[in-house]
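Here is what each chain is made of, one letter per residue.
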Amino acid sequence: MSGIAGTFMVMAIIPLILILLYLLIQGISSISPSVFVELPPPPMVDGGGFGNAILGTVIMVSIATLISVPIGVLAAIFLSEYSGGQLANWIRFATNVLSGVPSIIIGVFVYGAIVLSFKTYSAWAGGFALSILMLPIIVRTTEEALKLIPQEVRQASVGIGANDFQTILFVVLPAAIPAILTGVTLAIARAAGDTASLMFTALFTQFWPNWENKLAEPTASLAVLVFNFAIVPFKNQQQLAWAAAFILVLLVLLTSVISRLATSKRQF
Amino acid sequence: MTSISEQTRIGSRPPVEKTADTVFRWAAIISALAIAGFLIWIVLQIFIQALPAITQFGLGFLFKSTWNPVRNEYGILTPIYGTIVSSIIALLISVPIGLGVAIVLSEDYLPTKIQTILVFLVELLAAIPSVVYGLWGIFVLIPFLRGITPLRGPGMLPAALILSVMILPTISAIARDALINVDVGLRQAGVGLGATRWETILWIVLPTASSGIIGGIMLALGRALGETMAVTMLIGNSNQLNLSIFQPSNTISSLLANQFAEASGLQVSALMYAAFVLAVITLAVNMLAQVVVTQLQKI
Amino acid sequence: MLSPDDTINQTQAVLNAENVDIYYGDFLALKGIFLQIPKNKVTAFIGPSGCGKSTLLRCYNRLNDLIPVFRLNGKITYHGQNLYDKDVDPVMVRRRIGMVFQRPNPFPKSIYENITFGAKLNGFKGDYDQLVEESLRGAALWDEVKDKLRQNGMSISGGQQQRLCIARTIALKPDVILMDEPCAALDPISTLKVEELIHQLKEQYTIIIVTHNMQQAARVADYTGFFNVRVTDEGKRQGYLAEHDRTEVIFQDPKEEATKEYVSGRFG
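Just so we're clear, the structure is a prediction, and the values are computed from it rather than from any experiment.

Attention now moves to the overall build of chain B. Looking only at helices and strands, chain B has eleven helices and two strands in total. Secondary structure elements of chain B occur, N-terminal to C-terminal, as α-β-β-α-α-α-α-α-α-α-α-α-α. A globule of 299 residues ought to have a C-alpha radius of gyration of about 19 Å, yet chain B, at 26 Å, is considerably larger. Counting only C-alpha atoms and orienting by the principal axes, one finds that chain B spans roughly 95 × 65 × 35 Å. Taking all 299 residues of chain B together, 47% fall into the buried category. Long-range pairs, those at least 24 residues apart, make up 75% of the contacts in chain B between residues at least 6 apart in sequence.

See the structure below:
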């Protein structure tokens, strides 16, 4: 039986190794500095890059972070510091259910709510969709981080005559920031890699993000680029898909390693 | 009785502080409610946009397999079939393997350092973006399968296989947690009774951890049902109802992914109807999974 | 012979409990407390486990408010003002009546910030450096930490942490300092240092100390209140104040039989 279990273990790791290897081989050969600064090429034209997609991902993930972190942290503060009882349980339940909503559903939702209302695809719609993806992760990891802070620290603050908001903002939260940042990093990695939620919200474009139009235009992203270029029969574009996938997985690897290291060095 | 001197009298907080305290508390409450609000908004929004199609096609939508934008005839039988079948095949593969992995990583077979690395690697599997799985599937998995099976191109088989890889981490992580949380005393009781390691695992530890494991399997099912990109890139996107796993098929999520961008008019509403069906199915599975998992935590 | 009430009136009672009953839900934990705390003296609360001495202590700075089922009948006045009056703000009470806890609980901040935190709450606008030095000197800690003020407050030894907590409390310039078994988690040498500190502190502050250690009470306190437990008709344990007098009286010539038994070590 142990042999079977061991075989299963190996079978589980094989796909991971195969994928990472293939990515490494294909990706490294396709990466060059031009990839970061040039625009996507038309079919069968060599060269080019996806600088616009990188920038687009950065912009939309930033928008998503700006929306989801304040809401997520405050919600976690509610769950950990303010409440007890049934309401907290319902909110936790809702958070977990929200994290299970397929990202394509989120994309379709944002399409109806934002894209149709403003009659345009935009980086804002894409960022908003990503923020819904990030929100449950941030709420969950922040609540865990806050729960790690011992009650005695709060008692000390209350004992000294601090208001609740002072205890939370100036004593508890600062102590939890390393763990919260780890959660935010993980959420960012998740958002950066998601395609389905961006497909009908930010769509895609061959051009750089348009600041003059206040980003209210279709915006390129790494995740959508991988999809678009993976399904076409043109080798030059497929190469770029590998390069973009390589960058995405590098980001994922980095954030996973960082979060592991940060967790092992916790103060509490 | 001494009178209260003005010097020692305890007064009220400065109003600024009281206001800040109240405002902050309300900000936290509203943010927490916003989460539930988003959930409700999502379901409502999709439902409202699906209404035209719902009123026009009714429940028959779920049982017809024609998808014809030209004649505005829509039915999602094939996508429903594909969604369910691909998820079940994926579960059939990943549950045994995931359990095996969980057992290996929760027993004391391996030194801690190696265990940590392996746990990390399985976590990594979960973090790889769906679209990257799809990319790999197109250029590596499908050609490989073409060499050894009747598969000719995209189809149910590669989609189900890649799905099983993607949901494996969910099963193994939750199962591992459930196994680790089984009281040490129980294992020792098994050994004390003369049971072998595997007898202890199969007849004592696994049953005790079963509610957690089942919860994990349900969460994995939820994930499989909603998985989009990798499946879209590998399943072939055919609305013909083929029973062979070597033939192309469709899932609700890939239907949406493929058709949404160019859809207009009633087609959009039909797609919204399909999205609503998917949303309801995944919500139901996820909510049930939550209930099962929290039952575990109550033990 | 002067009764304790006469001597206390002459030296001014700071805190006065009048017929105080303490309930947790329906459970009457402490009954019929009449107790005056004299100014600039150390009063010790002693007694067996479960007699409610810590509970009573926490009433003085309204820390029991944090327990939802807590209820108080009777009056606890501070310089004549009822602390449980509706328009008394518990946050402000705690800035006047400070507390040192059983286990040292410095904030997860630097030593410097531990001290300035409370002061900032009170709107302190003077020289922070001076305040920090004064407070640390007042807690007999300055010489030991003056070169590491920016180090984390949790990185120093347990005894030093407790003195840091004392410094933190006196930085607010309170009127009263409550101490809940402050030496319970400390080694004998640190305990001695804290006891010496208490002798110095009482010149400026009024101190109430709860202790399990009778010898400590005898060493440190001017007045001692002996709390005891009785079993009610329904079989419930209830705390009450058995005797309250100058420390010499309690330990050498107590009036109550229960007191005699406790201080001579026959139970407790």
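Don't stop here, the text continues.
Quick look at the overall build of chain A now. Scanning chain A from terminus to terminus reveals eleven helices and zero strands. The N-to-C order of helical and strand elements in chain A reads α-α-α-α-α-α-α-α-α-α-α. Summarising its shape, the C-alpha atoms of chain A cover approximately 70 × 60 × 30 Å along the three principal directions. The buried share among the 268 residues of chain A stands at 56%.

Our focus in this paragraph is the interface of chain B and chain A. Across the contact, 64 residues belong to chain B and 64 residues belong to chain A. For the side of chain B that touches chain A, the per-class residue count stands at 47 nonpolar, 13 polar and four charged.

All names here are of chain C. By the bridge criterion, eight bridges tie strand β1 (residues 13-24) to strand β2 (residues 27-38) in an arrangement that is antiparallel. Note that in β2 the partner of alanine 13 across the bridge is proline 38. Linkage of β1 to β2, two consecutive antiparallel strands, is achieved through a turn of two residues, within which glycine 25 is found at a positive phi near 65°.

Often, the extent of an interface is quoted as the loss of accessible area upon association of its parts. Contacts between the two partners involve 14 residues from chain A, matched on the other side by 18 residues from chain C. Mapped by element, the contributors of at least two residues to the side of chain A that touches chain C are α7 (151-159) and α8 (164-192) of chain A. The leading source of residues in the side of chain A that touches chain C is α7(A), at six residues. When its residues are assigned to classes, the side of chain A that touches chain C shows seven nonpolar, six polar and one charged.

Turning to the packing of helix α7 (residues 158-170) of chain C against helix α8 (residues 188-201) of chain C, a few remarks are in order. All names here are of chain C. Axis separation between α7 and α8 bottoms out at 9 Å; the angle between their running directions is 20°. On the basis of their axis angle, the class for α7 and α8 is roughly parallel. For α7 against α8, the interelement crossing comes out right-handed. The residues of α8 that touch α7, namely those facing Gly158, Gly159, Gln162, Arg163 and Ile166, are Ser190, Lys193, Val194 and Leu197. Class assignment for the residues of the contact of α7 with α8 results in three nonpolar, four polar and two charged.

This paragraph deals with the nonpolar core. With 270 residues, the main nonpolar core has A:Val108, A:Leu225, A:Val226, A:Ala244, A:Ala245 and B:Ala275 as its most contacted residues. At 17 residues, the largest contribution of residues to this core is made by helix α5 (residues 156-180) of chain B. Setting aside chain neighbours within four positions, we find B:Ala275 in contact with A:Ile105, A:Val108, B:Ile46 and B:Leu256.

Here the focus is unusual backbone geometry. All names here are of chain C. Despite not being glycine, asparagine 19 shows a phi value in the positive range, around 50°. Relative to the helices and strands, asparagine 19 is located in strand β1. When the 11 C-beta atoms within 10 Å are taken as the criterion, asparagine 19 is described as exposed. The phi angle at asparagine 40 is positive, at roughly 55°, despite the residue not being glycine. A count of 15 C-beta atoms within 10 Å places asparagine 40 in the partly exposed class.

Our next topic: helix α1 (residues 2-30) of chain A. With 29 residues, α1(A) should reach 42 Å at 1.5 Å per residue; the first-to-last C-alpha distance of 42 Å fits that figure. All of the buried residues in α1(A) are A:Ala5, A:Phe8, A:Met9, A:Ala12, A:Pro15, A:Ile19, A:Leu23, A:Gln26 and A:Gly27.

Bringing α8(A) into the picture now. Between its first and last C-alpha atoms α8(A) spans 36 Å; for 29 residues at 1.5 Å apiece the expected length is 42 Å, and the helix comes up short by more than 12%. Where α8(A) bends most, at A:Ile177, the angle is about 55°, and the proline A:Pro178 comes one to four residues later.

Residue and element names in this part refer to chain B. Here leucine 124 is to be found in helix α3 (residues 112-127). For leucine 124, a count of 19 C-beta atoms within 10 Å puts it in the partly exposed group. Linking leucine 124 and alanine 195, residues 71 residues apart in sequence, is a C-alpha distance of 35 Å.

Averaged over every residue, the pLDDT of chain B is 89; residues scoring 70 or more account for 97%. ipTM for the predicted complex: 0.92, alongside a pTM of 0.90.

What follows concerns the packing of helix α4 (residues 85-99) of chain A against helix α1 (residues 15-57) of chain B. Between α4(A) and α1(B), the shortest axis-to-axis distance is 9 Å and the interhelical angle comes to 45°. With respect to α1(B), the axis of α4(A) lies oblique. The hand of the α4(A)/α1(B) crossing is left-handed. Each of A:Trp90, A:Ile91, A:Ala94, A:Thr95, A:Val97 and A:Leu98 in α4(A) lies in contact with α1(B), whose residues at this interface are B:Ala32, B:Ile35, B:Ala36, B:Phe38 and B:Leu39. Grouping the amino acids of the contact of α4(A) with α1(B) by side-chain chemistry returns ten nonpolar, one polar and no charged.

Here we take up the pairing of strand β10 (residues 237-246) of chain C. Residues and elements named next belong to chain C. In terms of burial, β10 is largely enclosed, as seven of its ten residues are buried. In this structure, strand β9 (residues 223-231) lies alongside β10, joined through nine bridges in antiparallel fashion. Residue pairing for β10: glycine 225 is matched across the bridge by histidine 244. Hairpin geometry of β9 and β10 is characterised by an intervening segment of five residues between the two adjacent antiparallel strands and by a positive phi of about 85° at glycine 235.

All names here are of chain A. Checked against the element boundaries, threonine 255 lands in helix α11 (residues 235-264). A residue is classified by how many C-beta atoms lie within 10 Å of it, and threonine 255, with 20 of them, is buried. Distance in space between the C-alpha atoms of threonine 255 and threonine 185 is 6.2 Å, their sequence separation being 70 residues. Apart from residues lying up to four places away in sequence, threonine 255 is in contact with Thr185, Leu186, Ile188 and Ala189.

For chain A, per-residue confidence averages 91 on the pLDDT scale, and 99% of positions sit at 70 or higher. Predicted confidence in chain A is weakest over helix α2 (residues 34-37) of chain A, with a mean pLDDT of 84, and strongest over helix α6 (residues 123-147) of chain A, with 96.

To continue, consider the environment of B:Leu141. Of note, B:Leu141 is situated in helix α4 (residues 130-148). For the pair formed by B:Leu141 and B:Val293, sequence separation is 152 residues and the distance between their alpha carbons is 34 Å.

So, how was this worked out
- Residues numbered from 1 in each chain as written.
- Chains lettered and ligands numbered in written order.
- Predicted model: local features only at pLDDT ≥ 70, side-chain atom pairs only at ≥ 80, totals over all residues.
- Helix = DSSP H or I, 4+ residues; strand = E, 2+ residues; numbered from the N terminus.
- Rg over C-alpha atoms; globule rule 2.2 N^0.38 Å.
- Buried ≥ 20, exposed ≤ 12 C-beta atoms within 10 Å, placed from the backbone.
- Contact = placed C-beta atoms within 7 Å.
- Nonpolar A, V, L, I, M, F, W, Y, C, P; charged D, E, K, R; others polar.
- Pairing = 2+ DSSP bridges.
- Axes fitted to C-alpha atoms, helices over the stretch in contact; angles between N-to-C directions.
- Parallel < 35°, antiparallel > 145°, perpendicular 65-115°, else oblique.
- Left-handed = near helix turned anticlockwise from the far one by under 90°.
- Core = buried A, V, L, I, M, F, W, Y, C linked by C-beta atoms within 7 Å.
- Expected span 1.5 Å × (residues − 1).
- Bend = angle between axes of the 7 residues up to and from the residue.
- pLDDT = per-residue confidence, 0-100.

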